[in-house]
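Topology and contacts: notes
Listed here are the chains, written in short residue letters.
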Amino acid sequence: HPPEHARKYRKDDRTVMHRNRPRIKYEEQGVMRNGEVRWVEISKVPLHDQVGKVVGVLGMFEDVTEQKAMQQELADTLQQLRTILDNAQVGIAYLRDGKFIWINRRMEEMFGYRLNEISEKSPELLYPTAESYAQTGEQSFSVLSQGKPFEIEHLMQRKNGRAFWCHMRGMA
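This text gives an overview of the structure that appears in the document. All of these numbers come straight from a predicted model, not from anything done at the bench.

What to know about the sheet that holds strand 2 (residues 37-48)
In a beta sheet, neighbouring strands pair by backbone hydrogen bonds and run either parallel or antiparallel. Strands sit in the order 1-2-3 across an open sheet of three strands; the sheet is antiparallel. If you trace the sheet from one side to the other, it starts and ends with strand 1 (23-31) and strand 3 (54-63), each paired once. Each neighbouring strand pair of the sheet contributes to a mean axis angle of 35 degrees, computed without reference to strand direction. Both strand 2 and strand 3 contribute to a ladder of nine bridges, which runs antiparallel. Pairing of Val40 across the sheet is with Asp63, part of strand 3. Against the sheet, helix 1 (residues 3-19) engages strand 1, strand 2 and strand 3, with an angle of about 170 degrees to strand 1.

Looking at a positive patch on the surface
Taken together, the side chains of Arg7, Arg10, Lys11 and Arg14 present a region of like positive charge at the surface. One can find Arg14 in helix 1.

Considering the side chain of Asn104
As for its position among the elements, Asn104 is in the loop between strand 5 (99-103) and helix 3 (105-111). In this structure the side chain of Asn104 is engaged in a polar contact, spanning 3.0 Å, whose partner is the backbone nitrogen of Met107. Ignoring sequence-local partners within four residues, the contact set of Asn104 consists of Leu85, Asp86, Ala88, Val90, Gly91 and Ile92.

With respect to the packing of aromatic side chains
Two descriptors summarise a pair of aromatic rings, namely the distance from one centre to the other and the angle between the planes of the rings. By the definition in use, this model includes three aromatic pairs. Ring centres of Tyr9 and Phe61 lie 5.9 Å apart, and the angle between their planes is 70 degrees; this geometry places the pair in the edge-to-face category. Placement of Tyr9 in helix 1 and of Phe61 in strand 3 is noted, with a sequence separation of 52 residues between them. Residue class for Tyr9 comes out buried when judged on its relative accessible area of 16%. When the centroid spacing of 5.3 Å and the interplanar angle of 65 degrees are considered together, the rings of Tyr127 and Tyr133 count as edge-to-face. A relative accessible area of 10% places Tyr127 in the buried class.

What to know about helix 1
Helix length check: helix 1, at 17 residues, gives a terminal C-alpha distance of 24 Å against a target of 24 Å (1.5 Å per residue), a fit within 8%. When helix 1 is considered as a whole, its buried residues turn out to be His5, Tyr9, Asp12 and Val16. What you see down the axis of helix 1 is that its buried residues fit within an arc of 60 degrees, all on one side. Exposed residues pointing more than 90 degrees away from the buried face of helix 1 are listed as Pro3, Lys11, Arg14 and His18.

Conventions used here
The residue numbers shown here count from 1 along each chain, following its written sequence. Local features in this predicted model are restricted to residues of pLDDT 70 or higher, and side-chain atom pairs are both shown and tallied only at a pLDDT of 80 or more, whereas totals for entire chains, interfaces and linings draw on every residue. Excluded from the side-chain calculations are hydrogens and water; all other atoms, namely the structure's heavy atoms, are used. Should DSSP find at least two bridges between two strands, the strands are taken to pair. The helix and strand labels rest on DSSP assignments: H or I over at least four residues marks a helix, E over at least two residues marks a strand, and numbering proceeds from the N terminus. Axes here refer to lines fitted to C-alpha atoms; in helices the fit is confined to the stretch in contact. Angles between the N-to-C directions go from 0 to 180 degrees. Here, residues are in contact when the closest pair of their heavy atoms is within 4.5 Å. Like-charged residues are merged into a patch within 9 Å and nonpolar side chains (Val, Leu, Ile, Met, Phe, Trp, Tyr) within 5 Å, provided each residue has over 30% relative accessible area and no salt bridge. Using the Shrake-Rupley algorithm and a 1.4 Å probe, accessible areas are obtained, with residue cover drawn only from the displayed protein chains. Within this document, salt bridges are pairs made up of a side-chain nitrogen of Lys or Arg and a carboxyl oxygen of Asp or Glu, the two lying within 4 Å of each other. Charged residues are defined here as Lys and Arg on the positive side and Asp and Glu on the negative side; His and the ends of the chain fall outside this count. Taken as the charge centre is NZ of Lys, CZ of Arg, CG of Asp or CD of Glu, depending on the residue. Throughout this description, a polar contact denotes any pair of N or O atoms lying within 3.5 Å of each other; where both atoms belong to protein, one of them has to be capable of donating a hydrogen while the other can accept it, and for residues adjacent in sequence the pair is counted only when both atoms sit in side chains. Any Phe, Tyr or Trp ring, taking Trp's six-membered ring, that has another such ring centre within 6.5 Å forms a pair; planes under 30 degrees apart are called stacked, those over 60 apart edge-to-face, and the others tilted. Whether a residue is buried, partly exposed or exposed follows from its accessible area with a 1.4 Å probe, protein chains only, as a fraction of its type maximum: under 20%, in between, or over 50%, in that order. A helix is expected to span 1.5 Å for every residue after the first. The directions from the helix axis to the C-beta atoms form the arc being described.

The structure is reproduced here in structure tokens:
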């Protein structure tokens, strides 16, 4: 390890000993002797003698470079998917347990609701009446519960109250 890393590790050790408090699961980049950069998860706890005096530090190090790389790859993939979905020319919504979890930009434009206004709410607010929502729900459930896609054209309602015809397709 380069001397600057050794100094930092010793300083961290002294801090743990002086404060008599552990530092648990923090991450740092480290440079190996061969020059390779690695991510390390570190935990340090003070060690005590029989009378409780701090006499040292126990340090645990785990190489988490591969996990960090996978996390970054996942974050990049999610960003790519968000970009694709947000630029789709059709409204797309993701619901769980009958509540909105996510909608794309086109859906926001079509209905006039922002995600933060609609999140965790029922799609009922997009229907002109509670009856039309219930009727569509009954029709879609019988199809979706068989694992088939449900498709319908239905009169829907924007946030401003204006009605419009919408072609909907759903899958469970």
